[in-house]
Amino acid sequence: MQISTAINESIFHICDVLDTKVDFADSIEGEIYGSSIPVYEKTEEGEKEIQFFLYFKKEVLKDAADKLLQSSYTEDDLDDLSRELANQIIGYAKNLLNTASANNPYSLGVPEFLGVVEHFHIEFIEAKIYKINGNVLKIGYRK
């Protein structure tokens, strides 16, 4: 299974759990919260790190907070939620990759909140932008 396939399946799974619609988008603009999370791949040459970056339009986080927290929340909660969503999305993709592999070579690292992102300076091996309930989320990775 390719990484991009695992990410797509993970996004569609998480959106199904949250009962939200998902499609693809062309761009991401507005107030964007960033998070990153590493996945470690065991190879014959040693362990390689794949760094995933997730950029959430603020409204995606607010929508997820409304569904998951079902109570009032603060800006700090949105920071935590961006890390938790990164953990859930990439963690599910990691499980899919391990299921498709004979020896479970992937392990998950700790998510990090990147703050409000104004510029996208990272060059990705691959990135996709998803439209979730009319708002956008960008996921990219590099090795």
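So, how was this worked out
Residues numbered from 1 in each chain as written. Predicted model: local features only at pLDDT ≥ 70, side-chain atom pairs only at ≥ 80, totals over all residues. Heavy atoms only, no water. Salt bridge = Lys/Arg side-chain N within 4 Å of Asp/Glu carboxyl O. Helix = DSSP H or I, 4+ residues; strand = E, 2+ residues; numbered from the N terminus. Buried < 20%, exposed > 50% of the residue type's maximum accessible area, 1.4 Å probe, protein only.

Scanning the model with the defined rule gives three salt bridges in all. The shortest N-O distance in the salt bridge between Lys58 and Glu31 comes to 3.6 Å. With Lys58 in helix α2 (residues 58-68) and Glu31 in the loop between β1 (22-24) and β2 (32-43), this residue pair connects regions lying 27 residues apart in the sequence. Under the relative-accessibility criterion, Lys58 is labelled buried at 11%. Of the charged contacts in the structure, one is a salt bridge between Arg83 and Asp80, with a shortest N-O distance of 2.3 Å.

Here Asp19, not a glycine, exhibits a phi torsion of approximately 55°, which is positive. The topology assignment puts Asp19 in the loop between α1 (3-17) and β1. Judged by relative accessible area, Asp19 falls into the exposed class, the value being 65%. If you check the backbone angles, Asn133 has positive phi at about 50° while not being a glycine. Within the secondary structure, Asn133 is located in the loop between β6 (126-132) and β7 (135-142). A relative accessible area of 36% means that Asn133 is categorised as partly exposed.

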